[in-house]
Amino acid sequence: MNSEHTNTKVSEKYNLLKIIALTFVAAIGGFLFGFDSGVINGTVDALQVAFNSDATGTGFNVASVLLGCVVGAFFAGTLADRFGRKPIMLFTAVIFVISALGSGMSESSVEFVLYRLLGGLAVGAASILAPMYISEIAPSNIRGRLATLQQLMIVLGLFVSFISNYWLVSYSGGAQEELWLGFQTWSWMFWAEILPAFIFFVALLFIPESPRFLVASNQANKAIKILTSMSNNTIAIAKVKDIKSTVRENSRPNLRDLVSKYTNKIHPLIWIGITISALQQFTGINVIFYYGSTLWRAAGFGEADALLTNVISGSVNIIFTFIAIILIDKVGRKPLLLIGSIGQAIMLGVLAYLFGTATLDDTNNLILEGNNGTLALIAANAYIAFFAASWGPVMWVMLGEMFPNQYRGAALAVCGIAQWGSNFTITMTFPIMLSYLGLGFSYAIYASFGVLAYFFVRSYVTETKGKSLEEISREQKIS
């Protein structure tokens with residue numbers, strides 16, 4: 001690395017309050033991502049009755065949003081490289097509003113699935129755009145903490161959806177009960193998302209475009225102006241020069257950049273990103289969040305108690321995400337992933353044992369005898385704690401920063417497909433596995449992926465702590 005690049009990093013000064021404000025606005029997309037993902041949790045049984053669905057149909061009602069996420073994640077990355085990060089985020093906010101309104105008004109599975117697919121487009125787009133935007137405006141020494149704010153907002157969205165569902169059910173008496181204006185409670189659960197989606201849209205109107213996108217689009221003067229507002233003119237000019245050194249002149253990023261011009265093969269880094277995206281899901285985290293109330297009712301909890309356990313789990317998720325924020329720029333990304341992998345595997349193993357050795361009542365519901373119900377609840381929340389302090393935020397942080405400037409959007413698009421495709425697979429198969437294999441064997445499978453994740457990270461993942469995006473780009477030797 002030459003001295004010019006080193007000086008840019010050493011003299012880096014910035015307007016911290018402004019950068020935090022911009023990060024927060026982008027991360028509202030993460031809040032909606034979490035809320036939209038979690039709101040389905042308390043509506044599963046009500047939807048099954050409302051639409052008269054079987055186990056497979058119920059699984060698809062829940063998982064349908066994830067198909068939209070696959071498409072949304074892919075096109076968000078490529079469209080953000082073509083039109084900019086801000087316009088696509090604005091469009092995403094509008095889609096969130098339409099999906100929330102339509103989901104609550106649906107009168108059939110087909111109609112519901114269509115609106116959930118639309119919501120999936122928004123969730124998938126938000127999952128890619130927020131870490132992309134945040135990583136591109138954040139200074140290298142605090143980028144991990146700022147990017148982790150995206151995950152914090154996701155878990156806050158999950159938590160608020162659990163609180164909203166619990167409060168609405170407590171008020172009405174059940175998700176299937178009529179609440180206001182002749183609509184059942186489950187409809188109002190979805191409509192609660194409209195307000196934060198509207199706030200997201202309005203807030204986005206006041207943020208600037210990503211400077212790195214502007215440089216890649218031959219709008220260096222605009223990039224300098226934006227960077228000056230975050231630091232000063234001297235640093236802004238040096239930073240733009242540094243960014244230019246990592247993108248092809250007069251060439252916007254596109255999917256073809258994923259293939260190395262030297263080997264004519266997909267860059268190995270893409271395969272690493274795809275694998276960590278899939279492994280985050282294959283340890284079964286969203287089984288807890290999408291099917292939490294169903295899972296705990298299968299374990300012998302009543303509806304209200306099952307929803308209350310979701311609130312407890314959401315609180316644990318938030319607390320340990322704060323721990324990740326504290327540690328990520330001190331300990332690093334890779335150590336957190338390694339610790340999280342082993343911790344998740346152990347806790348899933350405990351759950352597999354408890355569920356696998358439980359007895360069944362006359363209706364095939366699990367009976368967790370003695371203290372086993374409490375132990376299962378503790379193990380599940382310990383698993384969430386390990387996930388929240390590691391794989392939850394760290395995967396998104398790494399995806400936002402590990403790829404070179406030249407193909408970050410395209411790489412995130414491909415990894416988004418892997419992440420949401422894996423999410424769909426896990427979510428769609430869990431009700432079937434629950435019916436045929438039982439909770440114990442299902443959780444044993446998820447635990448094995450935790451072990452696999454440990455060995456993969458140890459062998460293939462490279463630390464990115466403290467490096468600027470331009471340093472990371474140069475290390476990949478992109479021309």
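Residues numbered from 1 in each chain as written. Predicted model: local features only at pLDDT ≥ 70, side-chain atom pairs only at ≥ 80, totals over all residues. Heavy atoms only, no water.

### Concerning the overall build of the protein
Here is step 1 of the chain: When helices and strands are counted, the protein shows 22 helices and 2 strands.
Here is step 2 of the chain: Evaluated residue by residue, the protein yields a buried proportion of 59% over its 479 residues.
Here is step 3 of the chain: Within the protein, residue pairs in contact and separated by at least 24 positions form 81% of the contacts whose partners lie at least 6 positions apart. (Helix = DSSP H or I, 4+ residues; strand = E, 2+ residues; numbered from the N terminus. Buried < 20%, exposed > 50% of the residue type's maximum accessible area, 1.4 Å probe, protein only. Contact = heavy atoms within 4.5 Å.)

### Observations concerning the pattern of salt bridges
Oppositely charged side chains can form a pair if their charged atoms are brought close together.
Here is step 1 of the chain: The full count for this structure, using the stated rule, is 6 salt bridges.
Here is step 2 of the chain: Between Arg 116 and Asp 36 there is a salt bridge, with its nearest N and O atoms 3.0 Å apart. Taken as a pair, Arg 116 in helix 6 (residues 109-137) and Asp 36 in helix 2 (residues 16-39) lie far apart in primary sequence, 80 residues in all.
Here is step 3 of the chain: Looking at Arg 116, the relative accessible area reads 1%, which means it is buried.
Here is step 4 of the chain: Here the salt bridges share partners, and the residues they tie into one network are Arg 145, Asp 329, Arg 333 and Glu 401. (Salt bridge = Lys/Arg side-chain N within 4 Å of Asp/Glu carboxyl O.)

### Looking at the nonpolar core
Here is step 1 of the chain: Ranked by size, the top nonpolar core spans 132 residues in total, and within it Leu 399, Phe 403 and Tyr 443 carry the most contacts.
Here is step 2 of the chain: Sort the elements by how many residues they give to this core and helix 7 (residues 143-172) lands first, with 12 residues.
Here is step 3 of the chain: The residues contacting Phe 403, other than those within four sequence positions of it, are Leu 269, Ile 270, Gly 273, Arg 408, Ala 411 and Cys 415. (Core = buried A, V, L, I, M, F, W, Y, C linked by side-chain atoms within 4.5 Å.)

### Regarding helix 20 (residues 408-436)
Here is step 1 of the chain: Here helix 20 spans 41 Å end to end across 29 residues, near enough to the 42 Å set by a 1.5 Å rise per residue.
Here is step 2 of the chain: Where helix 20 bends most, the angle comes to about 35°, and this point is Phe 430, followed within four residues by the proline Pro 431. (Expected span 1.5 Å × (residues − 1). Bend = angle between axes of the 7 residues up to and from the residue.)

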